[in-house]
Amino acid sequence: MSKFTVIDHPLIQHKLRILRDKNTSTKDFRELVNEIATLMAYEVSRDMQLEDVEIDTPVAHTTVKQLTGKKVAVVPILRAGLGMVDGVVKLIPAARIGHIGMYRDEKTLEPHEYFIKLPEDIEKREVIVVDPMLATGGSAKDAIAALKKRGARYIKLMVLVAAPEGVKAVQAADPDVDIFAAALDDHLNDKGYIVPGLGDAGDRLFGTK
Ligand code: URA
């Protein structure tokens, strides 16, 4: 079973409280999503590998640490995931960005990729899939399957608000994918919204409603 971690740093909780408020403007919402993504990326990258290197400071010769190992790809699930990309890249500026757009055929429920573009060496990279809301888990599972089909092997899922239903669904389908959230909410309502949630993340990010 994969790990599910709620990153409940006080700064994240405070920013999330503003994000949830229905009176928060599109401009503030967009800024806060990126700020929370930056703070979360700090924790999501905690297990990055380090190696020893020798350097000279102005005072002495010494051994220090530097990053080594896998390079990173950030992959937003379109469209709301786009809102988290800049925030992650602020901390991991060398990351490559992939994009995944999926929809489900309403009749067959089969997932269809309408857009997918990934770094060529995706199989060697640590992939951080970003999407603000983990509701039923349907799009996260489909995006992870699309990534695995193309060789991705080291995948993490980073969301702002998760519903227990979505966490369970992704853990069952992808026991190798650790999930990070800023909050675990109560449940999904009959329209598929997370309760209490923050509404439609895409619409609030892009001001489309
Ligand atoms: N997607 C959203 O944007 N919000 C929800 O509450 C659930 C899915």
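Since this is a predicted model, take the numbers as computed values, not measurements.

Criteria and cut-off values
- Residues numbered from 1 in each chain as written.
- Predicted model: local features only at pLDDT ≥ 70, side-chain atom pairs only at ≥ 80, totals over all residues.
- Heavy atoms only, no water.
- Near = heavy atom within 4 Å.
- Polar contact = N/O pair within 3.5 Å; in protein donor to acceptor, adjacent residues only side chain to side chain.
- 1 Å grid on protein atoms, 1.4 Å probe; cavity = no way out; pocket = protein on both sides within 12 Å on 5 of 7 lines; lining within 4 Å.
- Sits in = over half its atoms within 2 Å of the grid points.
- Core = buried A, V, L, I, M, F, W, Y, C linked by side-chain atoms within 4.5 Å.
- Buried < 20%, exposed > 50% of the residue type's maximum accessible area, 1.4 Å probe, protein only.
- Helix = DSSP H or I, 4+ residues; strand = E, 2+ residues; numbered from the N terminus.
- Contact = heavy atoms within 4.5 Å.
- Expected span 1.5 Å × (residues − 1).
- UniProt positions renumbered as here; feature names shortened; annotations may be inferred.

**Q** Residues and numbers for the site of the ligand, please.
**A** Taken together, Met 133, Ala 135, Gly 192, Tyr 193, Ile 194, Gly 199, Asp 200 and Ala 201 make up all the residues around the ligand. Interatomic distance of 2.7 Å between a backbone N/O atom of Gly 199 and a nitrogen atom of the ligand. Between Ala 201 and the ligand, the recorded distance is 2.8 Å, taken from a backbone N or O atom to an oxygen atom. More than half of the atoms belonging to the ligand lie within 2 Å of the grid points that define the largest pocket.

**Q** I'd like a description of the nonpolar core, backed by residues and values.
**A** Side chains that are nonpolar tend, in soluble globular proteins, to be buried together. Of all hydrophobic cores here, the largest spans 36 residues; its most connected members are Leu 19, Ile 36, Met 40, Val 88, Val 130, Met 158 and Leu 160. Elements that contribute at least two residues to this core include exactly helix H1 (10-20), helix H2 (26-44), strand S4 (72-76), helix H3 (82-91), strand S8 (126-130), strand S10 (154-162), strand S11 (178-184) and helix H6 (201-206). Broken down by element, this core gets its largest block of residues, 8 residues, from H2. Discounting chain neighbours no more than four positions away, the residues touching Leu 160 are Leu 19, Val 33, Ile 36, Met 40, Met 84, Asp 131, Pro 132, Ala 181, Ala 182 and Ala 183. In terms of nonpolar packing, the next biggest core, distinct from the first, is built from 25 residues, Leu 118, Ile 122, Val 167 and Val 177 among them.

**Q** Mind laying out helix H4 (residues 138-149), listing which residues take part and the relevant values?
**A** The end-to-end C-alpha distance of H4 is 16 Å, a good match for the 16 Å that 12 residues give at a rise of 1.5 Å each. Looking at H4, one finds that the buried residues are Gly 138, Ala 140, Asp 142, Ala 143, Ile 144, Ala 146 and Leu 147. Note on H4: the residue one or two positions beyond its end, Gly 151, has a positive phi of about 100°.

**Q** Account for unusual backbone geometry, with residues named and values stated.
**A** Each neighbour pair has its own omega, and for Leu 78 with Arg 79 the value is 0°, a cis peptide bond. Tracing the backbone through its elements, the reader meets Arg 79 in the loop between S4 and H3. In the segment running from Val 195 into Pro 196, the intervening peptide bond is cis, with an omega of 0°. Its location among the elements puts Pro 196 in the loop between strand S13 (194-195) and H6.

**Q** Requested: an account of the UniProt feature "domain: Phosphoribosyltransferase" (unreviewed entry) in the protein, with residues and values cited.
**A** Per the UniProt record, "domain: Phosphoribosyltransferase" (unreviewed entry) is found at residues 6-208. With 33% helix and 31% strand, residues 6-208 has its two end C-alpha atoms placed 29 Å apart.

**Q** With reference to specific residues and values, describe the UniProt feature "binding site: uracil" (unreviewed entry) in the protein.
**A** Following the UniProt record, the feature "binding site: uracil" (unreviewed entry) maps to Ile 194, Gly 199, Asp 200 and Ala 201 here. For the largest pocket, the lining residues drawn from the annotated set are Ile 194, Gly 199, Asp 200 and Ala 201. When sequence neighbours within four positions are dropped, the list of residues in contact with Gly 199 reads Met 133 and Tyr 193. Of note, Ala 201 is situated in helix H6. By relative accessible area, Ala 201 is classed as buried at 5%. Residues within four places of Ala 201 in sequence aside, it is in contact with Phe 29, Ala 80, Pro 132 and Met 133.

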